[in-house]
Amino acid sequence: MKTKLLLLIPLLALGLGCGSPGGGTGPAASALRPVQVKGVWVHPETELPYSGDFDNTVGGIRMQMQIKDGRPHGRMQRWYASSQQLHQSLNYVNGLPDGVQTSWYPNGQKMMQAEFRRGQLRQGKSWHPDGSEASSVADGNGTWIKFDSMGRK
């Protein structure tokens, strides 16, 4: 069975960083930040598609990414709340996952590693919190089991 999967969780997670201008913490705390409107990142004053760096912390969760013409483009990283532990690292091209994505449990154990091409899962593995393999996909075929940070399917 061909697995064609858009990576929904990281796209939804992008909404965590869309706080109001002037809110949050981090290097850009006092700068105007783009906001997400109907899935497109826009400048909060002009409402035109935003291009540039995004670095914001909301509720202790820090997210860094690059945005081009209102879409994620380049490396996106997200950390666990109030922690130096990286939760997720992935690459986007024109708003679609493209390249290697890696996610970790809060204890540092790898949760999943996958390779995407233009938003489609090509290959990858996921692991249970104890480190045992949970699922794998090769050449776009296989079963993909995803877990949240607590190890729930």
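In what follows, the structure referred to is the one given above.
All values reported here derive from a predicted model rather than from experimental measurement.

Regarding its fold elements, the chain presents 1 helix and 12 strands. For the chain, the α and β elements follow one another from N to C terminus as α-β-β-β-β-β-β-β-β-β-β-β-β. Taking all contacts inside the chain whose residues are at least 6 apart in sequence as the whole, residues at least 24 apart take part in 28%. When the accessible surface of the chain is totalled, it reaches about 8,100 Å², and 52% of it is carbon and sulfur.

Residue position: Ser103 is located in strand E8 (residues 99-104). Note on Ser103: relative accessible area 4%, which makes it buried. A distance of 3.5 Å separates the side chain of Ser103 from the side chain of Gln101, its partner in a polar contact. Apart from residues lying up to four places away in sequence, Ser103 is in contact with His87, Gln88, Lys110, Met111 and Met112.

What follows covers unusual backbone geometry. In most cases, non-glycine residues show a negative phi, while peptide bonds are predominantly trans. The backbone phi angle of Lys38 is positive, close to 50 degrees, even though this residue is not glycine. With respect to the element layout, Lys38 can be found in the loop between strand E1 (35-37) and strand E2 (40-42). We note that Glu47 has phi near 60 degrees; this positive angle belongs to a residue other than glycine. On the basis of relative accessible area, Glu47 is assigned to the exposed category, the value being 62%.

Once that is clear, we can look at the side chain of Gln101. Along the chain, Gln101 falls in strand E8. Overall, Gln101 belongs to the buried group, its relative accessible area being 2%.

If you look at soluble globular proteins, the nonpolar side chains tend to sit buried side by side. In terms of nonpolar packing, the biggest core is built from 9 residues, these being Trp41, Tyr50, Phe54, Met63, Met65, Ile67, Met76, Leu90 and Tyr92. Counting only elements with at least two residues in this core, the list comes to strand E4 (61-68) and strand E6 (86-93). Of all the elements, E4 adds the most residues to this core, at 3 residues. If you look at the next biggest cluster of nonpolar residues, it comprises 6 residues, including Met112, Phe116, Leu121 and Trp144.

Right, let's talk about the packing of aromatic side chains for a bit. By the definition in use, this model includes 1 aromatic pair. When the ring of Trp41 is compared with that of Phe54, the centres are 5.1 Å apart and the planes differ by 55 degrees; the resulting orientation is tilted. Taken as a pair, Trp41 in strand E2 and Phe54 in strand E3 (residues 52-58) lie far apart in primary sequence, 13 residues in all. The residues Trp41 and Phe54 share a single accessibility class, namely buried. The aromatic ring of Trp79 is capped on one face by Arg62, whose charged end is 5.2 Å from the ring centroid.

Another aspect to go through is the environment of Asp69. Within the secondary structure layout, Asp69 lies in the loop between E4 and strand E5 (71-79). Of the residues examined, Asp69 reaches a relative accessible area of 54% and is grouped as exposed. Residues Asp69 and Trp41, spaced 28 residues apart in sequence, show a C-alpha to C-alpha distance of 8.0 Å. The contacts of Asp69, once residues within four sequence positions are left out, are Pro49, Tyr50 and Ser51.

What follows concerns the pattern of salt bridges. Following the criterion strictly, the structure yields 4 salt bridges and no others. The partner of Asp55 in a salt bridge is Arg62, and the shortest N-O contact between them spans 2.6 Å. Across the pair Asp148 and Arg152 runs a salt bridge whose closest N-O atoms are separated by 2.8 Å. A residue is classified by how much of its surface remains accessible, and Asp148, at 27% relative accessible area, is partly exposed.

Cut-off values and rules
Residues numbered from 1 in each chain as written. Predicted model: local features only at pLDDT ≥ 70, side-chain atom pairs only at ≥ 80, totals over all residues. Heavy atoms only, no water. Helix = DSSP H or I, 4+ residues; strand = E, 2+ residues; numbered from the N terminus. Contact = heavy atoms within 4.5 Å. Areas by Shrake-Rupley, 256 points an atom, 1.4 Å probe, with all protein chains shown as cover. Buried < 20%, exposed > 50% of the residue type's maximum accessible area, 1.4 Å probe, protein only. Polar contact = N/O pair within 3.5 Å; in protein donor to acceptor, adjacent residues only side chain to side chain. Core = buried A, V, L, I, M, F, W, Y, C linked by side-chain atoms within 4.5 Å. Phe/Tyr/Trp six-rings, centres within 6.5 Å; stacked < 30°, edge-to-face > 60°. Lys NZ or Arg CZ within 6 Å of the ring centre and 35° of its normal. Salt bridge = Lys/Arg side-chain N within 4 Å of Asp/Glu carboxyl O.

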